[in-house]
Amino acid sequence: METKNIRIEKATTLKPKPDPSTLEFGTLFTDHMFILDYSEELGWHDGRIVPYGPLELDPAATSFHYGQTVFEGLKAYVTENNEVLLFRPDQNVARLNRSSERIRIPKLDVDYATQAIKELVSLERDWVPKGEGTSLYIRPFIIATEAYLGVSPSKNYKFMIILSPVGAYYKEGINPVKIAVEDKYVRAVTGGTGEAKTGGNYAASLAASEIVSERGFAQVLWLDGVEKKYIEEVGSMNIFFKINGEIVTPNLHGSILPGITRDSVIQMLEHWGTPVTERRISIQEVYDAAKNGSLEEAFGTGTAAVISPIGQLTWLDEDIIINNGETGPVAKKLYESLSDIQYGRTDDTFDWTVKVD
Ligand code: COI
């Protein structure tokens, strides 16, 4: 599919651009959005960029009832020379297809979908905010639209891309967050949908997140769904620890999201000669390490969260304070190095950024 097939209908009135210093996460949207339809007869077709606005869908559309939806998150950054860079967009589209496969949504052509992201961002390039910690968050997603109440894969879909100028994901900004280790609810089990970026995983997280946020925690840390012993992920980020000089992160075994920032961090650390061990990590091991003084750092990684230091964990009402509640050197170096690549301040030796024309 060629992008010359993307037609553009421009908005007649444009919204005012926000002051970058006031940006929050995910509350404002740009002037245009991308839509691509799917039907059994035509496959994916009719790619178009249209003014941002509400959709009209049949109330029986299957995604409303059975959650057949997938999504992605990636970011566009503006450099000092006013170039707009995307970070590893092909990885997001590839993961969108893997998520789709899990819940039986037809796959997209990776080149076409990547091109659609670039076209939309190019049209909206004035919306990419300038300023450290700000970016244009790109949300590609697919919803099932067939009007049918039987439980089976929809015959119709919409792939859409919307854009949102954002600041930090957590109100703490780049400062360490407090995370509660969840001991009642679980997010996912091996064989379930945990490794897919599908809406239901996030719906399943809401009760736990709301309960802990009332107690001042930024989010929950999920344990495995069977024994509630092993560390999985935070929900909006993967997690890393530095224990006794070794950097460890839970291995991907089916119930953890395979984060693109996670993968980038592993590659960077390996490049610096600090290989990451991907393995099962029990929460008890982390607590034991905290008690015997060998837990040096903890941080999360994610597109929205970037690198987010973790200053405190609370499990079964017992707190551990990590690195005196301060940002550790590994998290700091990763944040700076990743940001330098994303904002084009350094050579992109990993070939991760893609310029938007
Ligand atoms: C992201 O980091 O892009 C995510 O999708 C996490 C979240 C905002 C749900």
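Residues numbered from 1 in each chain as written. Predicted model: local features only at pLDDT ≥ 70, side-chain atom pairs only at ≥ 80, totals over all residues. Heavy atoms only, no water.

### As for the overall build of the chain
How we decide: Labels follow the DSSP assignment, with helices taken as runs of H or I lasting at least four residues and strands as runs of E lasting at least two, numbered in each case from the N terminus. A simple rule labels every residue: compare its accessible area, found with a 1.4 Å probe on the protein chains alone, to the largest value its type can have, and call it buried under 20%, exposed over 50%, or partly exposed in between. Any two residues having at least one pair of non-hydrogen atoms within 4.5 Å are treated as being in contact. Computed by Shrake-Rupley with a 1.4 Å probe, the accessible areas treat only the displayed protein chains as cover when residues are assessed.
On a plain count of helices and strands, the chain comes out with 8 helices and 17 strands. The buried share of the chain, taken over its 357 residues, is 53%. Of the contacts made within the chain by residues no fewer than 6 positions apart, 72% connect residues no fewer than 24 positions apart. Accessible area for the chain stands at about 16000 Å²; split by element, carbon and sulfur atoms hold 48% of it.

### Describing a nonpolar patch on the surface
The line we're drawing: A patch consists of residues whose relative accessible area exceeds 30% and which take part in no salt bridge; residues with like charges are grouped when within 9 Å of each other, and nonpolar side chains (Val, Leu, Ile, Met, Phe, Trp, Tyr) when within 5 Å. A pairing counts as a salt bridge when a side-chain nitrogen of Lys or Arg comes within 4 Å of a carboxyl oxygen of Asp or Glu.
Together, Tyr-66, Leu-149 and Val-151 make up a nonpolar patch on the protein surface, roughly 340 Å² of accessible area in all. With respect to the helices and strands, Tyr-66 occurs in helix α1 (residues 62-66).

### Topic: the packing of helix α2 (residues 89-102) against helix α3 (residues 110-123)
The criterion, for reference: Between N-to-C directions, angles cover 0 to 180 degrees, with each direction set by a line fitted to C-alpha atoms, over the stretch in contact for helices. Roughly parallel refers to an angle under 35 degrees, roughly antiparallel to one over 145, roughly perpendicular to one between 65 and 115, and oblique to any angle outside these ranges. The crossing is said to be left-handed when, going from far helix to near helix, the turn is anticlockwise and less than a right angle, and right-handed when the turn is clockwise. Three classes are used: nonpolar for Ala, Val, Leu, Ile, Met, Phe, Trp, Tyr, Cys and Pro, charged for Asp, Glu, Lys and Arg, and polar for all others, with Gly counted as polar.
Relative orientation of the contacting elements α2 and α3 amounts to 125°, with a least axis distance of 9 Å. Between α2 and α3, the interaxial angle falls into the category oblique. Viewed along their axes, α2 and α3 form a crossing whose handedness is right-handed. Residues Pro-89, Asp-90, Val-93 and Asn-97 of α2 touch α3, and the partners they reach there are Val-110, Ala-113, Thr-114 and Ile-117. Residues that form the contact of α2 with α3 fall into these classes: 5 nonpolar, 2 polar and 1 charged.

### What about the layout of surface pockets?
Threshold: Points on a 1 Å grid, built from protein atoms alone, make a cavity when a 1.4 Å probe fits but cannot get out and make a pocket when they are open with protein on both sides within 12 Å along at least 5 of 7 lines; residues with an atom within 4 Å of a point are the lining residues. Grid points are joined across faces, edges and corners, and a volume is the space filled by probe spheres set on the points.
What the largest pocket holds in volume is close to 670 Å³. Every element with two or more residues in the lining of the largest pocket is listed here: β7 (135-144), β8 (157-166), α4 (199-203), α5 (206-213), β10 (219-221), α6 (260-271) and β14 (295-302). Per-element accounting of the lining of the largest pocket gives the leading share, 3 residues, to α6. For the lining of the largest pocket, the per-class residue count stands at 15 nonpolar, 15 polar and 6 charged.

### A short note on the pairing of strand β9 (residues 177-181)
Condition: Being paired, for any two strands, means DSSP has found at least two bridges between them.
With 4 of 5 residues buried, β9 lies mostly within the body of the structure. Looking at chain direction, β9 and β10 are connected through 3 bridges and run parallel. Each residue of the ladder has a partner; that of Val-181, found in β10, is Leu-221.

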